[in-house]
Amino acid sequence: MTKTGFPKNFLWGGAVAANQVEGAWNIDGKGLSVADMATYKPNLRLDDYEGHLGVSSDTIEKARKDPSDRIYPKRRGVDFYHRYKEDLALFAEMGFKVLRVSIAWSRIFPTGEEKEPNEKGLQFYENLFTEMKRLNIEPIVTLSHYEMPLELSIKYSGWVERKIIDDFVRFSNVCFHRYKDLVKYWLTFNEIDSINRHPFTTAGIIPDRCPEGKEDEIVYQALHHQFVASALVTADCHRIIEGSQVGCMLTKLTTYPNTCNPEDVELTLKKNLHNYFYSDVQVFGEYPVMIERKFERNNINIKMEPGDREILKNNTVDFVSFSYYMSLTESAKQDMEKAAGNTIMGVKNPYLPATDWGWQIDPVGLKISLIELYDRYKKPLIIVENGMGAFDKVEEDGSIHDDYRIKYFKEHFKQMKEAVEEGVDLFGYTSWGAIDLISAGTSQMSKRYGFIHVDQDDEGNGTLNRSRKDSFYWYKKVIESNGEDLD
Ligand code: BG6
């Protein structure tokens, strides 16, 4: 008999990250994190990504001295730190089976190097996970989601120094022991591949401190340290928490050739292989040969310690998680019209509509991504980010008719279902972000992703009151019907 529909215990839910929702950036002992340095960038240009989102030693110094959150919206988030119970109640009302959150490292170890963890930080997450358990919402917890302690970045250039592995393992260890009865699913690094696109946000690397010509080598060295750390904490997690499951997390940047010109096809193949490189290391436990050749050709020398390769090989992940927002198109020709994507640019695809931020909407690309990932890894998959950033209009009566968001999700869910019916082992889906939050790239509040509206503008004005959008009621029906009722 052909199997139809989503598996019976499919984990429907949503995702957020500590630095984009919690706020409370300087209370209860929390230290500064790299996210607290991010400025509001309403007019972010695509090529700013290549300029590392404008981060430099000077901007960091200025931010450190600024005691306010005025131009640093991630410092205020949406006050999830104080309102998590109200937010969880709304998620439970939608029927969430799962919620993806992250732990702000600098809440637990304010500078990253303390001998003892900060009890108030630990208690906050214990309260959060306990409340989730009460509501039958399974947590998926990311250990590193763009929020490493700033001190580690300043003192050691972040992940460039090998000693950060020890700091991270210590932090993770404390979390595993403290939450072992509350959390089963863990992700090590959010979008580990993003180190190449924004090295400061992902790994605390301050671009102007990298010697000229050595930027790539430095980024890949830091990445190697993250790979090793990820493998070590995977082993620890398995040892400390019985039945735990650890996943890697990739930005799935599915890329199409612009034409059938073999040059476009080859370029596209290489782009896709490069995207897979990161999860290949975490799933297969080894560097792909073609990446090692590329390092040799480009004189990129990664310092590995004896035993590193064994650590990678022996501690691979249990499942693969990924974000998917849009697809990309590649052409060997220069001067093609460009389109925006998630911290990356591609050639404009004439077949696809785009969001208010120019990200090209491609539901079929999600099915393609699922099939490719499953075919390659044969590991259970979970989509841990997918959604559309949009300007929402609040009507006089407070309602929000976000039919564009419903349409986006509906089309993506149809494709997910087809992929599952073709045999892909997909065990869950967490939309980004389940509630309006601060954008990672632009720090805008007006780039809204949620089913739940938060009354706050880009400058931080508003009551912070929560309200249900039309998509809230729609998603509730989707979950109730296990993905059958999409109308
Ligand atoms: C993902 C990040 O890359 O994209 C999230 O993991 C982020 O943190 C999401 O919020 C959407 O990007 P943005 O810039 O629209 O917030």
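You'll find the structure just up there.
Everything numeric in this text was worked out from a predicted model, so none of it was measured.

### So, empty space enclosed by the protein
This model, assessed by the stated rule, comprises five cavities of 30 Å³ or more. Roughly 270 Å³ of internal volume is contained in the largest cavity. Tyr 146, Asn 342, Trp 359, Ala 440 and Gly 441 are the residues nearest the centre of the largest cavity, which is lined by 25 residues in total. A volume near 80 Å³ is recorded for the second largest cavity. What lines the second largest cavity is a set of 13 residues, among which Ala 18, Asn 19, Gly 23, Lys 30 and Asp 36 lie closest to the centre.

### A closer look at the pairing of strand 2 (residues 98-102)
Counting buried positions along strand 2 yields five of five residues, so the element is predominantly enclosed. Taken together, the three bridges between strand 1 (residues 11-15) and strand 2 define a ladder with parallel strand orientation. When the sheet's bridge partners are listed, Gly 13 is paired in strand 2 with Val 98. In the sheet, strand 2 pairs with strand 3 (residues 138-144) via five bridges, with the strands oriented parallel. Across the sheet, residue Arg 100 finds its bridge partner in strand 3, namely Ile 140.

### Examining the nonpolar core
Membership of the largest hydrophobic core comes to 137 residues, with the highest contact counts inside it found for Phe 129, Trp 159, Trp 186, Met 416 and Tyr 475. A total of twelve residues in this core trace back to one element, the largest contributor, which is helix 9 (residues 215-240). Once residues lying within four places of it in the same chain are set aside, the contact partners of Met 416 are Phe 6, Phe 10, Trp 12, Leu 366, Leu 370, Ile 383, Leu 426 and Tyr 429. Residues Leu 187, Phe 319, Ile 382 and Phe 427 belong to the second largest nonpolar core, which totals ten residues.

### Looking at the pattern of salt bridges
Evaluation of the coordinates by the stated rule reveals 39 salt bridges. Its salt-bridge partner being Arg 76, residue Asp 69 comes within 3.5 Å of it at the nearest N-O pair. Here Lys 214 and Glu 217 are joined by a salt bridge, their closest N and O atoms 3.5 Å apart. You can call Lys 214 partly exposed: its relative accessible area is 31%. Shared partners join several salt bridges into a network, and the residues in it are Asp 392, Asp 402, Arg 405, Asp 436, Arg 448 and Lys 469.

### Notes on the environment of Tyr 81
Here Tyr 81 shows up in helix 3 (residues 80-94). Its relative accessible area of 8% is what places Tyr 81 among the buried residues. C-alpha of Tyr 81 to C-alpha of Tyr 125: the two residues are 44 residues apart in sequence and 9.5 Å apart in space. When near neighbours in sequence (up to four residues on either side) are disregarded, Tyr 81 contacts Glu 22, Ala 24, Ile 27, Asp 28, Arg 107, Lys 120 and Phe 124. One polar contact links Tyr 81 to Asp 28, side chain to side chain, over a distance of 2.7 Å.

### A closer look at the site of the ligand
If you check the shell around the ligand, you find 15 residues, and the closest are Gln 20, Glu 191, Ala 440, Lys 447 and Tyr 449. Protein chains bury 98% of the 380 Å² of accessible surface belonging to the ligand in isolation. Spatially, the ligand is embedded in the largest cavity. Here the residues of the shell around the ligand sort into six nonpolar, six polar and three charged.

### Some details on the side chain of Asn 19
The topology assignment puts Asn 19 in helix 1 (residues 18-21). Side chain to side chain, Asn 19 and Glu 147 meet in a polar contact 2.8 Å long. Once you skip the residues sitting within four places of it in the chain, Asn 19 turns out to touch Ala 35, Lys 74, His 145, Tyr 146 and Glu 147.

### Section: the layout of surface pockets
By volume, the largest pocket is sized at about 1400 Å³. Looking at the largest pocket, it is lined by 48 residues, and the ones nearest its centre are Asn 196, Tyr 220, Lys 271, His 274 and Lys 294. For the lining of the largest pocket, the secondary structure elements donating two or more residues are helix 9, helix 10 (262-284), helix 11 (289-297), strand 8 (328-330) and strand 10 (345-347). Per-element tally for the lining of the largest pocket: the top contributor is helix 10, with eight residues. Counted by class, the lining of the largest pocket contains 21 nonpolar, eleven polar and 16 charged residues. In this structure, the second largest pocket spans a volume of roughly 310 Å³. The set of elements that each furnish at least two residues to the lining of the second largest pocket consists of helix 2 (57-65) and helix 8 (199-203). Of the residues belonging to the lining of the second largest pocket, the class tally is 13 nonpolar, five polar and three charged.

### Side note on the environment of Arg 197
For Arg 197, the position within the fold is in the loop between strand 4 (185-189) and helix 8. Arg 197 gets classed as buried once you look at its relative accessible area, which sits at 11%. For the pair formed by Arg 197 and Thr 343, sequence separation is 146 residues and the distance between their alpha carbons is 6.8 Å. Only 3.0 Å separates the side chain of Arg 197 from the side chain of Thr 251, close enough to count as a polar contact.

### A few points about unusual backbone geometry
The phi angle at Asp 28 is positive, at roughly 55°, despite the residue not being glycine. Looking at the secondary structure, you find Asp 28 in the loop between helix 1 and helix 2. Of note in this structure, Asn 482 is not a glycine but carries a positive phi near 50°. Structurally, Asn 482 can be placed in the segment after helix 15 (470-480).

The rules behind each value
Residues numbered from 1 in each chain as written. Predicted model: local features only at pLDDT ≥ 70, side-chain atom pairs only at ≥ 80, totals over all residues. Heavy atoms only, no water. 1 Å grid on protein atoms, 1.4 Å probe; cavity = no way out; pocket = protein on both sides within 12 Å on 5 of 7 lines; lining within 4 Å. Points joined across faces, edges and corners; volume = space filled by probe spheres on them. Buried < 20%, exposed > 50% of the residue type's maximum accessible area, 1.4 Å probe, protein only. Helix = DSSP H or I, 4+ residues; strand = E, 2+ residues; numbered from the N terminus. Pairing = 2+ DSSP bridges. Core = buried A, V, L, I, M, F, W, Y, C linked by side-chain atoms within 4.5 Å. Contact = heavy atoms within 4.5 Å. Salt bridge = Lys/Arg side-chain N within 4 Å of Asp/Glu carboxyl O. Polar contact = N/O pair within 3.5 Å; in protein donor to acceptor, adjacent residues only side chain to side chain. Near = heavy atom within 4 Å. Areas by Shrake-Rupley, 256 points an atom, 1.4 Å probe, with all protein chains shown as cover. Sits in = over half its atoms within 2 Å of the grid points. Nonpolar A, V, L, I, M, F, W, Y, C, P; charged D, E, K, R; others polar.

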